[in-house]
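Residue-level structure breakdown
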Amino acid sequence: MGAKRLILDLDLGIDDAMALACALASPEAELIGVTTVFGNVPRAQSVANCLAVLELLGHPEVPVVEGADRALAATEPYTTMVDVHGTNGMGGVELPASRREPVRAAETGGNAAVDFLLEAAKRYGEDLIFVPTGPLTNLALALERDADAVRRIGRIVLMGGALTQPGNVTPGAEANIANDPEAADAVFRSGVPVTMVGLDVTHQVQLAQTELDRWRALGTPAADAYAQIVGYYIDFYVRRSPYLRGCALHDPLAVAVALDPSLVETFATNLKVDLEGPFRGRTIGDPERLADPHKTTEVALKVDLERFETIFKERMLQALSAK
Ligand code: BDR
Ligand code: CA
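In this report, the structure presented in the accompanying data block is examined. Here the structure is a predicted model, which is why all the values come from computation and not from measurement. Residue numbers run consecutively from 1 along every chain, following the written order of its sequence. Starting at A for chains and at 1 for ligands, labels are handed out in the order in which the entities are written. With pLDDT at 70 or above as the cut-off, local features in this predicted model cover only qualifying residues; side-chain atom pairs require 80 or more to be listed or tallied, and sums for whole chains, interfaces and linings still use all residues. Side-chain measures here rest on the full set of heavy atoms in the structure, leaving out hydrogens and waters.

What follows is about the coordination of the calcium ion (ligand 2). Any nitrogen, oxygen or sulfur atom within 2.8 Å of a metal ion counts as a donor, with the limit raised to 3.2 Å for Na, K and Ca, and since water is left out, coordination shells can look unfinished. Distances from the calcium ion (ligand 2) to its protein donors, D11 (OD), D16 (OD), D16 (OD), T133 (O) and D251 (OD), fall within 2.3 to 2.6 Å. Mapped onto the sequence, the residues coordinating the calcium ion (ligand 2) show the spacing D-x4-D-x116-T-x117-D. On the criterion of sequence distance, the pair formed by D11 in the loop between β1 (5-10) and α1 (14-24) and D251 in helix α10 (residues 250-259) is long-range, its members being 240 residues apart. The burial state of D11 is the same as that of D251; both residues are buried. Where helices and strands are cited, they refer to DSSP runs of H or I of at least four residues and of E of at least two residues respectively, numbered from the N terminus. The classification of residues rests on relative accessible area computed with a 1.4 Å probe and restricted to protein chains. Under 20% of the type maximum is buried, over 50% is exposed, and intermediate values are partly exposed.

Have a look at this one:
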């Protein structure tokens, strides 16, 4: 076994931005690239946000790779801006734009994120960790193209879905799955082992406004910007879900679990996604594989709150001190 390499697949909104900061401050694996996808924002905005945030955090060397701009079944690019992440996916905070270009597909209709992931899977095999924190479109396309290469990836930990909790966009569906149910269904039913970090655990891990004062005290441009951006996200959460103490740390938890699986306890099962009717987008046990002793999805149901909180807070302070 060699050194671990990490790829994050982001629809860069606010919690994705925190996940990216945590990953950069994590010694367990080297972040070798960020692939992008539509979701919280359209693809172009996700790309621009990834480039700007990497610059802000002092990591312009990390490649940003363009991925899917629409769901598998969609005929037009996705254009929605999701309220919870503000007008630009960054709580309306304007970061200096990066002059860097993303890695784009050589041909029209290609997907550079899929190329990048498959190359890395072949090169690093079990040392590669892949963490999608948006719709699962890029992963589903990679499976379609070369399932054997995807099977070589050491660990896939996705943020999405809910098993014991209601959805957050409809009573049945969590946002990342709702944005491309066909892709998520293809991933869960592919037989490739994945860990699902869904609302069952991500709604348990919350960040309150008080932590932002510690960030502001660092006095760096990155800390100031993150405090404003995340402040917007916390306000939104507290207004919408007053039973929470702050915002949910969805995507940062997925990164933390990918780097240290012992942070959660999981339930092994075989999942599918409802594709029809009022529960479209719901992650649910696959009745056809209920009796199959070979389970391919580990669903995180319990999280070591204290340990995660410590790791998250330390790593954010480290990432935001950088400049
Ligand atoms: C997920 O949806 C997105 O809005 C967040 O970035 C997170 O990945 C939570 O349901
Ligand atoms: Ca996300």
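Now for the site of ligand 1. When we say a residue is near a molecule or strand, we mean one of its heavy atoms is within 4 Å of it. If you check the shell around ligand 1, you find D15, D16, N40, H85, T133, M159, N168, E174, A175, N176, H250 and D251 and nothing else. A 3.5 Å cut-off defines polar contacts: any pair of N or O atoms within that distance qualifies, except that in protein one atom must be a possible hydrogen donor and the other a possible acceptor, and neighbouring residues in sequence count only when both atoms are side-chain atoms. Between ligand 1 and the protein, one listed contact pairs an oxygen atom with a backbone N or O atom of T133 at 3.0 Å. The Shrake-Rupley method, run with a 1.4 Å probe, gives the accessible areas here. Residue values count only the displayed protein chains as cover. For ligand 1, whose free accessible area comes to 280 Å², the fraction covered by protein is 96%. Sorting the residues of the shell around ligand 1 by element identifies α1, α5 (175-178) and α10 as the ones contributing at least two each. Side-chain classes are defined by residue name, with Ala, Val, Leu, Ile, Met, Phe, Trp, Tyr, Cys and Pro counting as nonpolar, Asp, Glu, Lys and Arg as charged, and the others, Gly among them, as polar. By residue class, the composition of the shell around ligand 1 is two nonpolar, six polar and four charged.

Should a side-chain nitrogen of Lys or Arg be within 4 Å of a carboxyl oxygen of Asp or Glu, the pair is scored as a salt bridge. Enumeration over the complete set of coordinates arrives at 22 salt bridges. Across the salt bridge formed by D69 and R70, the nearest N and O atoms sit 2.8 Å from each other. In this structure, the salt-bridge partner of R189 is D185, at a minimum N-O distance of 2.9 Å. Residue R189 and its partner D185 are located together in helix α6 (residues 181-189), separated by four residues, close to a single helical turn. Three or more residues joined by partner-sharing salt bridges are found here, namely R43, E66, D69, R70, E101 and R104.

Only buried residues count toward a nonpolar core. Its members are Ala, Val, Leu, Ile, Met, Phe, Trp, Tyr and Cys residues joined through side-chain atoms within 4.5 Å. The biggest cluster of nonpolar side chains holds 76 residues, and the ones touching the most others in it are M18, L20, L207, W215, Y226 and V230. By residue number, the principal contributor to this core is helix α9 (residues 221-240), which donates eleven residues. In terms of nonpolar packing, the next biggest core, distinct from the first, is built from 31 residues, I32, A140, L143 and I153 among them.

Here the focus is helix α2 (residues 43-56). For α2, spanning 14 residues, the distance from its first C-alpha to its last is 20 Å, which sits close to the expected 20 Å at 1.5 Å a residue. S46, V47, N49, C50, L51, A52, V53, L54 and L56 are the residues of α2 that are buried. As for α2, its buried residues are in contact with β1, α1, β2 (30-36), β3 (64-65) and α9. G58 lies just past α2 and shows a positive phi near 80°. Here the expected length of a helix is defined as 1.5 Å per residue gap, with one fewer gap than residues. Any two residues having at least one pair of non-hydrogen atoms within 4.5 Å are treated as being in contact.

Further remarks concern the pairing of strand β12 (residues 297-303). Any two strands with at least two DSSP bridges between them are considered paired. Here strand β6 (residues 194-197) runs beside β12; their pairing, made up of three bridges, is parallel. Looking at β12, one finds that V194 is bridged to T297.

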